[in-house]
There are 2 protein chains.
Amino acid sequence: MLESGARLAPVEVAYATYGTLDAAGSNAVFVLHALTGDAEAVVWWDTLVGPGKPVDTDRFFVICPNLLGGCRGTTGPSSVNPATGEPYGLDFPLFTVRDLVTVHRALLAHLGVTRLHTAIGGSLGGMQALQWALDHPAELERAVLVCASAKLSAQNVAFSKTARAAIRRDGAAGMAFARMLAHITYLSVEGMELKFGRARRAEGPMTMDSDFEVEHYLDHQAEIFLARFDPFTYLYLSRVMDYFDPFADGPPRPDTRFLAISFDSDWRFGTEHSVHLTRELEALGADVRHHEVRSPWGHDSFLMAVPEYHALVAAFLG
Amino acid sequence: MLESGARLAPVEVAYATYGTLDAAGSNAVFVLHALTGDAEAVVWWDTLVGPGKPVDTDRFFVICPNLLGGCRGTTGPSSVNPATGEPYGLDFPLFTVRDLVTVHRALLAHLGVTRLHTAIGGSLGGMQALQWALDHPAELERAVLVCASAKLSAQNVAFSKTARAAIRRDGAAGMAFARMLAHITYLSVEGMELKFGRARRAEGPMTMDSDFEVEHYLDHQAEIFLARFDPFTYLYLSRVMDYFDPFADGPPRPDTRFLAISFDSDWRFGTEHSVHLTRELEALGADVRHHEVRSPWGHDSFLMAVPEYHALVAAFLG
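Remember, it's a predicted structure, so these values are computed and weren't measured experimentally. (Residues numbered from 1 in each chain as written. Chains lettered and ligands numbered in written order. Predicted model: local features only at pLDDT ≥ 70, side-chain atom pairs only at ≥ 80, totals over all residues.)

J.: Would you mind showing me how to read the sheet that holds strand β1 (residues 15-18) of chain B here?
T.: Whether parallel or antiparallel, the strands of a sheet pair through hydrogen bonds between backbone atoms. Residues and elements named next belong to chain B. Overall, mixed pairing links the seven strands, which are arranged β1-β5-β2-β8-β9-β10-β11 in an open sheet. Across the chains shown, the open sheet's two edge strands, defined by having one partner strand only, are β1 and β11 (287-293). Going from strand to strand, the sheet's axes swing by 15° on average, the running direction of each strand aside. When strand β8 (residues 116-122) meets strand β9 (residues 140-146), the two strands line up parallel, connected through six bridges. Looking at β9, one finds that T118 is bridged to R142. (Pairing = 2+ DSSP bridges. Helix = DSSP H or I, 4+ residues; strand = E, 2+ residues; numbered from the N terminus. Axes fitted to C-alpha atoms, helices over the stretch in contact; angles between N-to-C directions.)

Rendered as structure tokens:
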């Protein structure tokens, strides 16, 4: 049963686990992916998750599912609707971050885990950890919210709206445009200057075709994304974020301990978003600390090997 | 003859003039429009140009043409190619900011004006004033460069590339996304929060359709833009900016007096761009002053009634 009242069945969940649950069941870490991730946490978050990494798979039992609405194994709009025998497409029901958490909790019950050492995620992943902690704090000892937000800005919504407009108009081809746009917002002005500057691939006269290196980068990112991602999942998971507003309900004080991390060059969910959610948690009386980390790589920093950030996570996980 | 060596003929120029040229021919002000403007300066720049305004049409003889490559009367890709009897489309030759200036100078000769009191423009308009002053400083007594740039950043190029990718894929429909994207970059985070916040047009359940006020705003902007603008002009004039790099040639010291203005919330061509072009002019020994003006409206500020900015322009024009 979704938060909207709509019923969705069956729901399959694709997930990966790494490491071993200890006898006390006390070492489970739940990794929550962002808009375009999947269950393979040791692949897309290889900088942070793995043997000897801050989320150490030699020490922790790490669980990572593909999200509800996803396109990498978990039920989503590209799944077959049993009522019609056809893929859901836009008949897939709308859902919320709370619904994502409902599915995570069902997976946890299936795995026989009653309490998490830590839930950790970046961007939309952090939003899920936050919602989970606010709704079921007894289930989360710690939550790590990396460049998350508890309320999108008008600019955030505007970028997502523009991406969705392209996808709804033009399907996969529109998603190419959405992906280019997203990549610009994942990087920073500074990071793009460092990475590309005004370098051109070849000397020669000006052309309407891709010429600057940054143009070739965007072409490439769009191309590989189209091969792996479903446009409908993009629509649904971006829309989930627009409506996310977990403090509007006036939740009770959560016992969970929170670590919020933001990056100074992130302008998609920058420090002001982490400051906002930290203040909201403090207002509830929660145990929360926030660190702004220096990194030139913008929002993408959460996927990168940024030593100060990794040290904070490792220390917080103890 | 274009800078590329290509020949383009005939070239028609649509222009407007306001006020009267004085007997000494000393009161001509040339207004240069940006990416999506036209010759009607007293309409689109009504905050700055008109009777009693900082660019006072009671005092100055104001000239404003539609740009080469435009779609509002001047020869551009939607014009008929005399060689084929069909619109040029992508057969229109590529051109540069210097070529825009070449056409402006031909218009000036046609009008019998030999020297301008001032050339003034915002964004791409400022780029034209800068190029003109560097190439023919004796023709410009003053140049006002409002939120201009002498070298686009990788992020700037990336935004333009993304817009062009949508247009080249999907023509006018793609231009709808390009316009939405552009509007986000014309505003600021702060300005969008002030103007829209998270306001929704109606109470009700979440929807995939436009719901937040900022979404309706973008829909509306895209719709009215499609009715008035040509996708090919968007391709050509955005590409002109990507390649603009007027100091690369090592120009001689210009005699023109320069005023550069930037806005603190502008993140498309923000203060760093004006600082850069000011330093380049100073390195040539030019007379240039730069002011950063406080305004919450981002790049769009150059079209708005921002008192400090208008006072600076009025004072500089004497």
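Right, picking up where we left off after that structure.
J.: Can you walk me through the interface of chain A and chain B in this structure?
T.: A common measure of how large an interface is: the accessible area buried when the components associate. Contact with chain A, which involves 39 residues of that partner, is made by 39 residues of chain B. No other element matches the 17 residues that helix α4 (residues 154-186) of chain A contributes to the side of chain A that touches chain B. A class-by-class count of the residues in the side of chain A that touches chain B yields 25 nonpolar, five polar and nine charged. (Contact = placed C-beta atoms within 7 Å. Nonpolar A, V, L, I, M, F, W, Y, C, P; charged D, E, K, R; others polar.)

J.: Could you clarify how one ought to interpret the nonpolar core in this entry?
T.: The nonpolar side chains of soluble globular proteins are, as a tendency, buried together. Counting 197 residues, the largest nonpolar core has V31 and V62 of chain A together with V31 and V62 of chain B as its most contacted members. Residue contacts for V31 of chain A: discarding those within four places in its chain leaves A41, W45, V49, V55, V62, I63, C64, I120 and G121 of chain A. (Core = buried A, V, L, I, M, F, W, Y, C linked by C-beta atoms within 7 Å. Buried ≥ 20, exposed ≤ 12 C-beta atoms within 10 Å, placed from the backbone.)

J.: When you look at the pairing of strand β10 (residues 257-263) of chain B in this model, what are you seeing that I'm missing?
T.: Along any regular strand the residues' side chains alternate between the sheet's two faces. Residue and element names in this part refer to chain B. Buried residues dominate β10, accounting for six of its seven residues. With five bridges connecting them, β9 and β10 associate as parallel partners. In the strand pairing of β10, A143 is matched with F258. For β10 and β11, the ladder comprises seven bridges, and the chain directions are parallel. Each residue of the ladder has a partner; that of R257, found in β11, is D287.

J.: Any chance you could explain the confidence of the model for chain A here in plain terms?
T.: Of all residues in chain A, 100% attain a pLDDT of 70 or more, and the chain-wide mean is 97. For this predicted complex, the interface confidence reaches an ipTM of 0.96, while the overall pTM sits at 0.96. (pLDDT = per-residue confidence, 0-100.)

J.: Any chance you could explain the domain arrangement of chain A here in plain terms?
T.: Residues and elements named next belong to chain A. By the assigned domains, chain A splits into domain 1 (15-152 + 248-317) and domain 2 (155-236). The C-alpha-based centres of domain 1 and domain 2 are spaced at 25 Å. Between domain 1 and domain 2, the residue contacts involve 19 residues of the former and 14 residues of the latter. Residue composition of the side of domain 1 that touches domain 2, grouped by class: eight nonpolar, nine polar and two charged. (Domains from an automatic or database assignment.)

J.: Is there a simple way to think about the sheet that holds strand β8 (residues 116-122) of chain A in this case?
T.: Residues and elements named next belong to chain A. Strand order in this open sheet of seven strands is β1-β5-β2-β8-β9-β10-β11, and the pairing throughout is mixed. Because the sheet does not close on itself, it has two edges, and the strands there are β1 (15-18) and β11 (287-293). When the angles between neighbouring strand axes are averaged without regard to direction, this sheet yields 15°. In the packing of helix α9 (residues 307-317) onto the sheet, the strands contacted are β8, β9 (140-146), β10 (257-263) and β11, and the crossing angle to β10 comes to about 175°.

J.: Sorry, what's going on with the relation of the copies chain A and chain B here?
T.: Least-squares fitting of chain A to chain B yields an RMSD of 0.0 Å, with the transformation described by 0.0 Å of translation along the axis and a rotation of 180°. What the superposition gives is, in effect, a two-fold axis relating one chain to the other. (Least-squares fit on C-alpha atoms with pLDDT ≥ 70 in both.)

J.: For this particular structure, what's the right way to read the packing of α4 of chain A against helix α4 (residues 154-186) of chain B?
T.: How two helices sit against one another is set out by the angle between their axes and by the gap between those axes. Following both chains from N to C, one finds α4 of chain A and α4 of chain B inclined at 40°, their axes separated by 12 Å at the closest point. Comparing the axis directions of α4 of chain A and α4 of chain B gives the class oblique. Where α4 of chain A crosses over α4 of chain B, the two elements pack in a sense that is left-handed. Its residues placed into classes, the contact of α4 of chain A with α4 of chain B shows 20 nonpolar, four polar and four charged. (Parallel < 35°, antiparallel > 145°, perpendicular 65-115°, else oblique. Left-handed = near helix turned anticlockwise from the far one by under 90°.)

J.: I'm lost on helix α8 (residues 271-283) of chain B in this one. Help?
T.: For an α-helix, 3.6 residues make a turn, and residues three or four places apart therefore share a direction. With 13 residues, α8 of chain B ought to run about 18 Å at 1.5 Å a step, and its terminal C-alpha atoms sit 18 Å apart, in line with that. G285 of chain B occupies a position one or two residues after α8 of chain B and carries a positive phi of about 90°. (Expected span 1.5 Å × (residues − 1).)

J.: Hey, could you run me through the packing of helix α6 (residues 213-228) of chain A against α4 of chain B in this one?
T.: Between α6 of chain A and α4 of chain B, the least distance of the axes is 9 Å, while the angle of their chain directions is 50°. When the axis of α6 of chain A is compared with that of α4 of chain B, the two are oblique. Here the hand of the crossing between α6 of chain A and α4 of chain B comes out right-handed. Here V214, E215 and L218 of chain A of α6 of chain A come into contact with α4 of chain B, specifically with A154, V157, A158, K161 and T162 of chain B. A per-class count over the contact of α6 of chain A with α4 of chain B returns five nonpolar, one polar and two charged.

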